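# Fold and contact review
In case you want the letters, here they are:
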Amino acid sequence: MSDSVSDCTDATEPRTALTEAEVEALVRGICFKTGPPRAVGVELEWLVHELRSPRLPVPPERLKTAYAALRTVPLSSPLTVEPGGQLELSSPPAASLTECVRIVSADLAAVRAVLDEHGLALVGSGTDPWRTPRRFLHEPRYDAMEACLDRTGPAGRAMMCASASVQVCLDAGHEEPGPLGLGRRWWLSHTLGAVLVASFANSPLLGGVPTGWRSTRQLLWTEIGAGRAGGPVLDGDPRAAWARHVLDSPVMCVRRDDGPWDVPERLTFREWTRTGAPTREDLDYHISTLFPPVRPRGHLELRMIDAQPGDDGWIVPLAVTTALFEDPEAAESAYRAVKPLAERARPLPAPHNPLWTDAARHGLADPELHETAVACFAIALRALPRIGADDDVVAAVADYLDRYVRRGRTPADDQLDRLRGVDTRANGKDLRS
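Below, the structure is looked at part by part.

Rules behind the numbers
- Residues numbered from 1 in each chain as written.
- Predicted model: local features only at pLDDT ≥ 70, side-chain atom pairs only at ≥ 80, totals over all residues.
- Heavy atoms only, no water.
- Helix = DSSP H or I, 4+ residues; strand = E, 2+ residues; numbered from the N terminus.
- Buried < 20%, exposed > 50% of the residue type's maximum accessible area, 1.4 Å probe, protein only.
- Pairing = 2+ DSSP bridges.
- Contact = heavy atoms within 4.5 Å.
- Axes fitted to C-alpha atoms, helices over the stretch in contact; angles between N-to-C directions.
- Parallel < 35°, antiparallel > 145°, perpendicular 65-115°, else oblique.
- Left-handed = near helix turned anticlockwise from the far one by under 90°.

### Describing unusual backbone geometry
Here Arg346 and Pro347 are connected by a cis peptide whose omega angle stands at 0°. Among the structural elements, Pro347 can be located in the loop between helix H14 (342–345) and helix H15 (354–362). With an omega of -5°, the peptide bond between Ala350 and Pro351 qualifies as cis. Here Pro351 shows up in the loop between H14 and H15. Positive phi values are uncommon outside glycine, yet Arg266 reaches one of about 55°. Relative to the helices and strands, Arg266 is located in the loop between helix H9 (238–248) and helix H10 (269–275). On the basis of relative accessibility, which here comes to 72%, the residue Arg266 falls in the exposed class.

### Comments concerning the pairing of strand S1 (residues 40–50)
In terms of burial, S1 is a largely internal element, 11 of the 11 residues being buried. The pairing of S1 with strand S5 (residues 165–170) spans 5 bridges and is classified as antiparallel. Within the sheet, the bridge partner assigned to Gly41 lies in S5 and is Cys169. Looking at chain direction, S1 and strand S3 (residues 87–90) are connected through 4 bridges and run antiparallel. Residue pairing for S3: Trp46 is matched across the bridge by Leu87. Examined bridge by bridge, S1 and strand S4 (residues 120–123) share 4 bridges and lie antiparallel to one another. Paired with Glu50 across the strands is Leu120, a residue of S4.

### Side note on the side chain of Thr273
Here Thr273 is to be found in helix H10. Classification of Thr273 as buried rests on a relative accessible area of 11%. Beyond its immediate stretch of four places on either side in the chain, Thr273 contacts Leu18, Thr19, Glu20, Val23 and Pro278.

### A closer look at the packing of helix H2 (residues 60–70) against helix H3 (residues 97–117)
H3 packs onto H2 with a crossing angle of 140° between their chain directions and a minimal axis gap of 10 Å. Considered as vectors, H2 and H3 are oriented oblique to each other. H3 is crossed by H2, and the crossing has right-handed handedness. Contact residues: Ala66, Tyr67, Ala69 and Leu70 in H2; Val111, Val114 and Leu115 in H3.

What follows is the structure, encoded as C-alpha cells:
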C-alpha cells in the first residue's frame, strides 16, 4: 500500500499554487503516458513472520535490526517498509516478463537469506491470518493516514498494517483504439480486475478468524470508502475520468515541516484549489494517497491481487496478467471473455459494485467468475510462449489452472482447510507453503 510520491507530475517544478484548471490539465496530460506497450513491472508486498512461530508477533526491535541489515544488501529493486512492518519490493521496469521474473527472483533470494539469519520469513497472504494490526512505523504521514482512515472504521488500520498484495504494472498503451489501446486497457483492467480478485483470493482470515470472504483484503479496501479506495466512473475517456476523480476525492492530509500534519474533514482537492493554495508537490502527494484498484501513474498499476503463498506464487498472477494485456490476440480474447461481466458491475465503479463484491466474497465459487477465469487462464497459457515466457513460467500457470481454477478453488480455500484441519494436499502436492 505504498504512498510514495506519484510519478504523475514533475516535482522539480517550482512550488507555486495550482488552479483547478491547472490541476486538471496536469493530471490529464501526464498520468497516462501512451505509446507501444513495452515494459512490465511488479510490486510485491510481504508479511514478515517469525520463522518458527509464525503466529507470534515479531518484536519491533527485531524487525529494526533485520531491516537495518537489509539496507546493506545490493538489490536491483527498491525495498521499502510498509506501516505495519510489511516489506515491499518494487521491480524496475523490465523489457519482458522473463526479465522481470529474473530480477525480482534474485532480489527476493537475497532478502530471504538475510531474514533467515534473523529468524524471520516472508509470508504471502493478502491479510495477516493470525496477528492483529499493529503499526511499526511512526511518522507524521502515517499518523495522519491512520487518523484519516479511522473515520471510516477499523478497515484502514488493518489495510495499513496487516495486508499485502501483488501489484502488476503495465504500460498505459497506444493512443489509438484497439486491443493495446489506452481506452481498451483501462476498461479491461477494471473488468478483468474482478476475475483476478476471484482467481487469486488469498485472505479469508483476519486475526485468526474467518471473515466469510475469500479476499478480506478486497473487503477492507471497499470499507475504506469510494473517495479513498474507489475508482472513477468508466465513462469513455480515461484522462477526463481520472482528472475528475483526483479533483473530487478528499484530501487525506496537509503536510507540515514541523509538528503533526493536518487531517481536514470533507475537503476535496477541487475545493482546496478554490480556498487554499495547494502546490504541485501537494498534488503529487494527494494522488499517492488515492488507492483505487487501478491507479494510473504514467503506467497502469493493477492493485487488486492478494499476496500469494510460496516463494514463487507471485509469478503466476504476474504472468497471467501480463499475457492478457501484452499479447494482442490474448487481449482481444480476454476482452470478449470478460465483456458479459460488465452488466454485473453497473452502475458503480470498482470495487464498489456487485461484480467486485461477489469476486471478493465468493472467489471462484461464483459460477460466472469461475467460467470466465478458466477461459482467461487458457487464453493466457496460449499467449505466454508468444511473449517469450520460459517453460517454468508456463508450467506454473498450467499447474495453478489445474490445481485451483478448474476446481473452483483459490489459495483462500487452502487457508480455510488448514484452519479446519483438512488435508491441503491435491494431486500429490502439498499446498501449505
